[in-house]
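Listed here are the chains, written in short residue letters.
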Amino acid sequence: MTQSTPLLPDIKPISDLHAVPTPEIYKKLETRPEGLTQGEAKERQNRFGRNRILKVKGKPLILKLLANFTHLMALLLWVGGVVGFIAKMPQLGLAIWTVNLINGAFSFWQEYKAEKATEALLRLLPPYARVLRDGKEQSILAEELVPGDLMLLAEGDRISADGRMVEAAELRVDQSTLTGESQPVAKTSEAELRTGMTRAEVPDLVFAGTSVAAGTGKAVVFATGMNTEFGKIAHLTQTIVDAPSPLQKELDRVTKVVTAMAVSIGVLFFILAVFLAGVNLAAGFIFAMGMIVAFVPEGLLPTVTLSLAMGVQRMAKRNAIIKKLSSVETLGCTTVICTDKTGTLTENEMTVRALWTSGHRLTVTGVGYEATGQILAEDQPIPSPADGDLRQMLIAAGLCNDARLLQPTDGSSHWTELGDPTEAALRVVALKGGVNLDAELVHIPRVQELPFDSHRKRMSTVHKGPEGTVIAYVKGAPKEILDLSTHIQINSQTATLAEDLRAQIVEVNDEYARNGLRVLAIAQRLLPSDPGVPKPETIERDLTFLGLIAMMDPPRPEAAEAVRKCHKAGIRVIMITGDYGLTAESIARNIGIITTFPAQIIAGPELEQMSDETLKGHLGGEVIFARVAPEQKLRVVTALKEMGQVVAVTGDGVNDAPALKEADIGIAMGVTGTDVAKEAADMILTDDNF
């Protein structure tokens, strides 16, 4: 316990831990804490409160019901009914009131759905967390976590609070709830003092609501509840007030004009009747009331409501569920669509698109995790199963791999992956090449593994072959693999890796990267029959280079046509993504969002330093926002609305929820979308078709 006291002696170091890292902070972390005592945890809980996402109470049901009877047009109709009774026309007064009651009840029924964005957020937080307290491992309720607790993290765990890593063993975290990008992020306990990174990019921070994809680690909690990054998203979502739609604003304006005209004409005819026609005051008043009632458009509101309801039904037949009647009209007024990339414009399924081996370029067809597609050489399918150098590369990529492909369940035809999406894509391309990985694993079983490491940027597996041979398969970043390679396999023969071939590999890799593809290099090495204890320095050297595999999350087939139709209708499309700019630009050009050269790409850190006026200036042309945080996405939407634009936002992740709520119309994906996004949105696409 004595080791934890210098680490978090007061509130100030906890705040420091949440700030930009400095050498002094890491000096505090040089000692590995053993965790708080129960007494210290209780004291901190009293100081900081429970680890809860605080809920903002929604309107009571009765107030939501009354809202449909108390807006400006409804009030005009109530007054019109009263005037009808005063003017001795009770039938007309009753008719107007009845119309108002029916319309209000119908609107309430159509929109009856409690806002549950906060509850959906809470469902993402785990109920229990593993911590070290009193020097021993304990499982506690997640809401009892406090700053200073030492969380124990393992594969499959959901993280309950924000923390800074103090130990990490091949730890990778899925941060899609914060960034929208499903690619697991490597985490480390070592100091990272680079500037210009978003909070989610800092490699030694973990966040509430994210999950551990692989590895193990320990993290000191520095923020809980609403102070976490996850809590900030909840706060943004909770505090955004629903603004009136363009149709509601227009109806309010019409109501004011009609009311002013009706009263003015009523007063005018009262004066004319009394002073020019000689009518007595009572008769003149009744005549004026009749004129005012005649101007009340009692049929306008039910006509608008019924027409919107018909629009809702028509949209439902086209796989779009509308949660608010007025959203139908708002969709037709939209001038700008702010769209996420992953899962909205793309399939959110990593897919191999190109291969390079033995000096030859190959292309791969098919998308997703189902092995339907072919490997093409000069637009012609290669014989299946693949042989020679290609087969060897596919075996290496498929066996140096911890992912699994899951067959469709519950009547679905959709294959999914378990593990790293990149590794799943490698298994799929091996299957497309006719390689039976299960049979290969029986033939050359894995005996050892060197997991992926963020510093080595590679992973290795050791396999025992027939007749006592031992072979290591290595995959990783092309530059690192190339630096460790001394030979290359060409036409099933091992040759020295000459400088011209090395330069060619670099050129091919750069070309793939410029096109927004993620590139992995594959290599192998024959080992002594007894390699001993596996260490990177003894296994990952003198490698034989096998080839490059380039992959991407492919655009949805319908996205390009949808974007073209938007542009034809005068609607701008702006991509706002948590992914990197180069990848975002490649997708944006592919589907027609960006046509200018060079592309204007604004990253999150740059946006954070930008004034509102400068931002609005950039929003006048084609622009991509990359590496953005949820609050930055919200800021872009707010700026567009201040510019007079009618903004639609599409998204599927928790990170999209604040922007979906702020938009004039928020549109969530029904298949891949999270509950949080669906609850925050006004419209849900049941088929995810952009």
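Residues numbered from 1 in each chain as written. Predicted model: local features only at pLDDT ≥ 70, side-chain atom pairs only at ≥ 80, totals over all residues. Heavy atoms only, no water.

Caption draft 1: Representation of the packing of aromatic side chains. In the structure shown here, the tally under the stated rule is two aromatic pairs. Taking 5.1 Å as the distance between ring centres and 45° as the angle between the ring planes, the aromatic pair formed by F85 and W97 counts as tilted. Of this pair, F85 sits in helix α5 (residues 72-86) while W97 sits in helix α6 (residues 90-111), placing them twelve residues apart in sequence. Among the residues examined, F85 registers a relative accessible area of 34% and is labelled partly exposed. Joined through ring pairs, the aromatic side chains of W78, F85 and W97 make up one cluster. Above the face of the F597 ring, R589 is positioned so that its terminal group lies 3.8 Å from the ring centre. (Phe/Tyr/Trp six-rings, centres within 6.5 Å; stacked < 30°, edge-to-face > 60°. Helix = DSSP H or I, 4+ residues; strand = E, 2+ residues; numbered from the N terminus. Buried < 20%, exposed > 50% of the residue type's maximum accessible area, 1.4 Å probe, protein only. Lys NZ or Arg CZ within 6 Å of the ring centre and 35° of its normal.)

Caption draft 2: Expanded view of helix α18 (residues 499-514). An ideal rise of 1.5 Å per residue puts 22 Å on 16 residues; α18 measures up with 22 Å between its terminal C-alpha atoms. Within α18, burial applies to L501, R502, I505, V508, N509 and Y512. Considered in projection along α18, the buried side chains sweep an arc of 125° and stay on one side of the axis. Counted as exposed and oriented over 90 degrees from the buried face of α18: E499, D500, E507 and R514. Packed against the buried residues of α18 are β10 (351-357), β11 (360-364), α17 (478-484), β19 (485-490), β21 (518-527) and β22 (543-552). G516 occupies a position one or two residues after α18 and carries a positive phi of about 80°. (Expected span 1.5 Å × (residues − 1). Arc of directions from axis to C-beta. Contact = heavy atoms within 4.5 Å.)

Caption draft 3: Representation of the side chain of S358. Tracing the backbone shows S358 in the loop between β10 and β11. A distance of 2.9 Å separates a polar atom in the side chain of S358 from a polar atom in the side chain of D389. Reaching out from S358, the side chain makes a polar contact with the backbone nitrogen of N491 at a distance of 3.5 Å. If sequence neighbours within four positions are ignored, S358 has contacts with D389, Q489, I490, N491 and L546. (Polar contact = N/O pair within 3.5 Å; in protein donor to acceptor, adjacent residues only side chain to side chain.)

Caption draft 4: Quick look at the pairing of strand β3 (residues 150-154). Taking burial as the measure, the five residues of β3 include four buried ones, the bulk of the element. Pairing geometry for strand β1 (residues 128-133) and β3, over two bridges, is antiparallel. Paired with V131 across the two strands is M151, which belongs to β3. Sheet topology places β3 next to strand β7 (residues 211-223); five bridges connect them, and they run antiparallel. Residue pairing for β7: L150 is matched across the bridge by V220. (Pairing = 2+ DSSP bridges.)

These results come straight from atomic positions and should not be treated as a statement about function.
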